[in-house]
Every structure is written in structure tokens, then in C-alpha cells.
Amino acid sequence: AGVCTAPYPKGSASRYPYYGNVAYGDFPVINVTWNQAETFCSWDGKRLPTEAEWEKAARGSDDTRIYPWGDQAPDSTLLNFNWNAGDTTKVGSYPAGASPFGVMDMSGNVWEWVNDRYGEFYYAVSPPEDPQGPATGSYRIFRGGCFGDAESLRVSHRIVYAPSSLGVYYGFRCARSQ
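Residues numbered from 1 in each chain as written. Predicted model: local features only at pLDDT ≥ 70, side-chain atom pairs only at ≥ 80, totals over all residues. Heavy atoms only, no water.

**Q** Help me understand the overall build of the protein in this model?
**A** Per the secondary structure count, the protein includes 3 helices and 4 strands. When the helices and strands of the protein are read in sequence order from the N terminus, they spell out α-α-β-α-β-β-β. Along the three orthogonal principal directions, the C-alpha set of the protein runs to about 45 × 40 × 30 Å. Considering the protein as a whole, with its 178 residues, one finds that 43% of them fall into the buried category. Accessible area of the protein: about 9,200 Å², with a carbon and sulfur share of 51%. (Helix = DSSP H or I, 4+ residues; strand = E, 2+ residues; numbered from the N terminus. Buried < 20%, exposed > 50% of the residue type's maximum accessible area, 1.4 Å probe, protein only. Areas by Shrake-Rupley, 256 points an atom, 1.4 Å probe, with all protein chains shown as cover.)

Okay, structure coming up:
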């Protein structure tokens, strides 16, 4: 609709064109900055999830599982990781890797921008229920690991980048308040 700038570059790790190619319409969007992700979610009447919402969707209500599917080590039946598919895969391709809430692709495929800014000690002082992230900060957070990674797939893992960062591993999902 012209509200957002298009992802750039338009290719993926091994496919060109990727963005705008109907063959990849059910694949995750990649090569987007935090601002592009936030703009799209807002345009669609949604928002980026908070880091706490993302982790609850991946882990479950009160579960201490290591991965969205449980404590079993990652393998190629559960997620796209460690280059096992060579690039992104169609969203929902790994139903055995779903979270307790049935949320797909919470680990692997692409890193996902969340709404929160980064604060090194924020969770030591945050409210225990539904923390919204620090009010200030220069960096934003990714969750979920990616298709090229084998080390950062745990539900608890996070990485921090400038909101202007982009790459073939960087995507997002939208959330909606009930």
C-alpha cells in the first residue's frame, strides 16, 4: 500500500528476487529494520510484541522449557536452523516445533524484532507482570534465532542491535492486544 519502505536488498541468502516474488509470499519477510517492522505492524492495526509477550508465546504460561517445543535438543524436524534448509522456509513448516500455545516458528527461520528497547539491568527492576521494556535506550531486541544459527535457539536468548540494522536473518511478527 506504499506505507512502508520495501525491504532492501530484495534477495535472501540464496534467492533473488525474494521480496515481491509470489513464490515466497508465505515465507518470512527479511531485510527489514525495526522501524520498517513497527510501521508495517501499525499500518496493519497491530504492533510488535513486547519481549515478555514474545517469550510467553514461545515458552507457555508458566513453563520453564528451554525451547518452544520443550527440552529436546533442536533437530531438523522441529525448526529451520544451522543452514539445514539453506535459507528461510515457508512459515509453519515445522508443526512439531510449535510452542505450548501453538505458535509456530518461534525459534529458527529468522530473528524477530520485538518492541522493547534494551536496558542492561531492566529486568532486575521491571514490574513482575507484563513488563513493557525500558522507556529509553538506543538499541532494540531480537528474539528467536535464525536459519543460519545453531547456538541461539533457546527461548531465553536475545540479541541487541541498532534499530537501523537489517539483514537476511532479520524479520518480525505482529501482535494484537485482546
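**Q** I'm lost on the sheet that holds strand E4 (residues 170-172) in this one. Help?
**A** Sheet strands line up and pair through hydrogen bonds in the backbone, either parallel or antiparallel. Across the sheet, 4 strands lie side by side as E3-E2-E1-E4; this open sheet has mixed pairing. Only two strands of the sheet have a single partner each, and these edge strands are strand E3 (158-161) and E4. Across this sheet, the average inter-strand angle for adjacent strands is 45 degrees, counted without regard to direction. Judged from the 3 bridges that link them, strand E1 (residues 111-117) and strand E2 (residues 140-143) form a sheet pairing that is antiparallel. Looking across to E2, one finds that glutamate 112 is bridged to arginine 143. (Pairing = 2+ DSSP bridges. Axes fitted to C-alpha atoms, helices over the stretch in contact; angles between N-to-C directions.)

**Q** How do you make sense of the pattern of salt bridges when you look at a structure like this?
**A** Two side chains carrying opposite charge are able to pair once their charged atoms lie near each other. Evaluated as defined, the whole model comprises 9 salt bridges. Glutamate 55 is the partner of arginine 59 in a salt bridge, and the nearest nitrogen-oxygen pair spans 2.9 Å. Placement of the pair is arginine 59 and glutamate 55 together in helix H2 (residues 51-59), with a separation of 4 residues, close to one helical turn. A relative accessible area of 23% means that glutamate 55 is categorised as partly exposed. For arginine 173, the salt bridge identified is with glutamate 112, shortest N-O distance 2.7 Å. Of this pair, arginine 173 sits in the segment after E4 while glutamate 112 is found in strand E1, placing the two residues 61 residues apart along the sequence. Arginine 173 gets classed as partly exposed once you look at its relative accessible area, which sits at 23%. (Salt bridge = Lys/Arg side-chain N within 4 Å of Asp/Glu carboxyl O.)

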